[in-house]
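Descriptive analysis of the structure
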Amino acid sequence: MSLDDLPTGAPQRPAPEAETVVRRVDRASSYPDKITRAEELRLQLADEIVRGALPPGAALDETDIARRFNVSRTPVREALRQLAASGLVDTRAHRGAVVARPSIERLTGMFEAMAELEALCAGLAAERMLPIERHRLEAVHEELRC
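Just so you know, these numbers come straight off a predicted model, no measurement behind them.

Cut-offs applied
Residues numbered from 1 in each chain as written. Predicted model: local features only at pLDDT ≥ 70, side-chain atom pairs only at ≥ 80, totals over all residues. Heavy atoms only, no water. Helix = DSSP H or I, 4+ residues; strand = E, 2+ residues; numbered from the N terminus. Buried < 20%, exposed > 50% of the residue type's maximum accessible area, 1.4 Å probe, protein only. Contact = heavy atoms within 4.5 Å. Expected span 1.5 Å × (residues − 1).

Moving on: the environment of A84. By secondary structure assignment, the location of A84 is in helix 3 (residues 73–86). With relative accessibility at 26%, the residue A84 sits in the partly exposed group. Other than its neighbours up to four places away in sequence, A84 contacts V89 and T91.

The structure is reproduced here in structure tokens:
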């Protein structure tokens, strides 16, 4: 049994009066009619990088990508800019973009940052969970210990 197996009928918390919407950057918008072509390209290219279809050091030519996805170079440039901001792509002036080759130090730092963020999220979730949610989580934990 996992957390996904828990029933979703848990009591709902009252909605805050003005809830801030935080947009995910690792997934497409939850509103498919609102996703931009640049975001589609970013997601597709990021997926190819993570799967290894585009290996570290691979050149990312704007013209080739635009032709491949049948779009203009503008959304390609935006997608590459977003990928560079996330660290998946390195851009060089007058030399284009390439799939990043992260160093051991950078990877270590990324995993350390991710561990800290996950710990923070777990702590916030624990503070905000309802008693019934805590009871169900403890039951799942006990079941998985055996």
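Let us look at helix 1 (residues 37–51). With 15 residues, helix 1 should cover 21 Å at 1.5 Å per step; its first-to-last C-alpha distance of 21 Å lies within 8% of that length. Burial in helix 1 covers these residues: A38, E39, L41, R42, L45, A46, E48 and I49. In the core, the buried residues of helix 1 are packed alongside helix 2 (62–69), helix 3, strand 2 (89–92) and strand 3 (96–99). Looking at the residues trailing helix 1, positive phi occurs at G52, about 95°.

To continue, consider unusual backbone geometry. A negative phi angle is the norm for most residues apart from glycine, just as the trans form is the norm for most peptide bonds. Although it is not a glycine, N70 adopts a positive phi angle of roughly 55°. In this structure, N70 sits in the loop between helix 2 and helix 3. Although it is not a glycine, H94 sits at a positive phi angle of roughly 65°. You can see H94 is positioned in the loop between strand 2 and strand 3. For H94, a relative accessible area of 85% translates into the label exposed.

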